[in-house]
Amino acid sequence: MDDPFDLSKNRAYSHWRALKLRAYPCKIQDLHVHIGRLDRPSQAELAALKARIDTFNMALVEVDPDGIETEALLSFTRALGLRRTDANLFADASAFSRIAAARADPDDEAPVGSGHSLLGRATLGDFVPYTNKPLSWHTDGYYNTPDQQVGAWCLFCVRAARDGGENGLLDHEMAYLQLRDESPQHIAALSHPQALSIPAHVHDGRTLRAASVGPVFSVRNGQLHMRYSARARHVLWRDTPDTHAARAALDRLFSRTDVFTFRYRLRPGEGLISNNVLHCRAGFGDDEDPAKARLLYRIRFLDRIALD
Ligand SMILES: [Fe+2]
């Protein structure tokens, strides 16, 4: 079978497109899978999860909230073939991130050993994910180097916000499909090796992360990968009319009702596992007591979820 993501292979694309659209329209509940024990998912549970991932590139997992802890989560993700984390060559506790709004404390440094140690003296509150502000559409790790792209992530809710904090989710393959239908030129522009650049992150004169230059859409081992951020600051788009048109078309997708965007507020015990689909987060109001405030656990992987 020809590569459906090759712009010269229209028949392969049409076939892939028809298969992709067959699952839609659908509701987020169609992505739901209950897992009895996070640390020991059964073969039937794994098969149910993989069927959702195969169709939607994501699944909504429900587990016992008390079962969500580091080792159980790592056992679960290992069962899905996820081994190489974004933070480490091997999935271990250092790859694990606690996502909570940082308190307004100037000495609230990025904790060492939580996947943020490279941030040095930058404070967690400098990074929007660690605030209660809205988080615009993106895929994870868009600022990573091309060979360290994030293939998959999981996000589990331990405690929900007092109000808000809903996620928006859009299968990146569906975004590709909509853009290619609108104009194959959009895909060509977004596949350019210099389509999107993220400048280096420099803090106190020290380079904490090198610049990242690469395409938005790329094909890796036959699978479509997307690298994207809707943020307006600290991103540089290739300055051509085609790139600007494609970027605007992508931006429009997020407010259209016919592109099958999911909106969902995770409850305690629920998690998302995905092949790094597009996602965003609404702002939220939190409990004053840190012990009751919104808390999510996240792990990012260089691998994609194994479907075999
Ligand atoms: Fe994210």
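The sections below set out a description of the structure shown in this document. (Residues numbered from 1 in each chain as written. Predicted model: local features only at pLDDT ≥ 70, side-chain atom pairs only at ≥ 80, totals over all residues. Heavy atoms only, no water.)

## Topic: the pattern of salt bridges
Part 1 of the reasoning: Applying the stated criterion to the full structure yields 11 salt bridges.
Part 2 of the reasoning: The partner of Lys20 in a salt bridge is Glu173, with the nearest N and O atoms 2.8 Å apart. Within this pair, whereas Lys20 is found in helix 1 (residues 10–21), its partner Glu173 is found in helix 4 (residues 172–182), the two being separated by 153 residues in sequence. Neither residue differs from the other here; Lys20 and Glu173 are each classed as buried.
Part 3 of the reasoning: Measuring nitrogen to oxygen at the nearest pair gives 2.7 Å for the salt bridge that ties Asp39 to Arg37.
Part 4 of the reasoning: A relative accessible area of 31% means that Asp39 is categorised as partly exposed.
Part 5 of the reasoning: Each of Lys20, Asp171 and Glu173 takes part in salt bridges that share partners, so that together they form one network. (Salt bridge = Lys/Arg side-chain N within 4 Å of Asp/Glu carboxyl O. Helix = DSSP H or I, 4+ residues; strand = E, 2+ residues; numbered from the N terminus. Buried < 20%, exposed > 50% of the residue type's maximum accessible area, 1.4 Å probe, protein only.)

## Remarks on the coordination of the iron ion
Part 1 of the reasoning: Binding of the iron ion to the protein goes through His138 (NE2), Asp140 (OD) and His279 (NE2), at separations of 2.1 to 2.2 Å.
Part 2 of the reasoning: Summarised as a motif, the one-chain spacing of the donors to the iron ion is H-x1-D-x138-H. Here His279 lies in strand 17 (residues 278–281) and His138 lies in strand 4 (residues 135–138), a separation of 141 residues in the sequence. (Donors = N, O, S within 2.8 Å, 3.2 Å for Na, K, Ca; no water.)

## Some words on empty space enclosed by the protein
Empty space among the atoms becomes apparent when a probe as large as a water molecule is rolled across them.
Part 1 of the reasoning: Under the definition given, this model contains 1 cavity of 30 Å³ or more.
Part 2 of the reasoning: For the largest cavity, the calculated volume is near 70 Å³.
Part 3 of the reasoning: Class assignment of the residues belonging to the lining of the largest cavity gives a composition of 5 nonpolar, 3 polar and 3 charged. (1 Å grid on protein atoms, 1.4 Å probe; cavity = no way out; pocket = protein on both sides within 12 Å on 5 of 7 lines; lining within 4 Å. Points joined across faces, edges and corners; volume = space filled by probe spheres on them. Nonpolar A, V, L, I, M, F, W, Y, C, P; charged D, E, K, R; others polar.)

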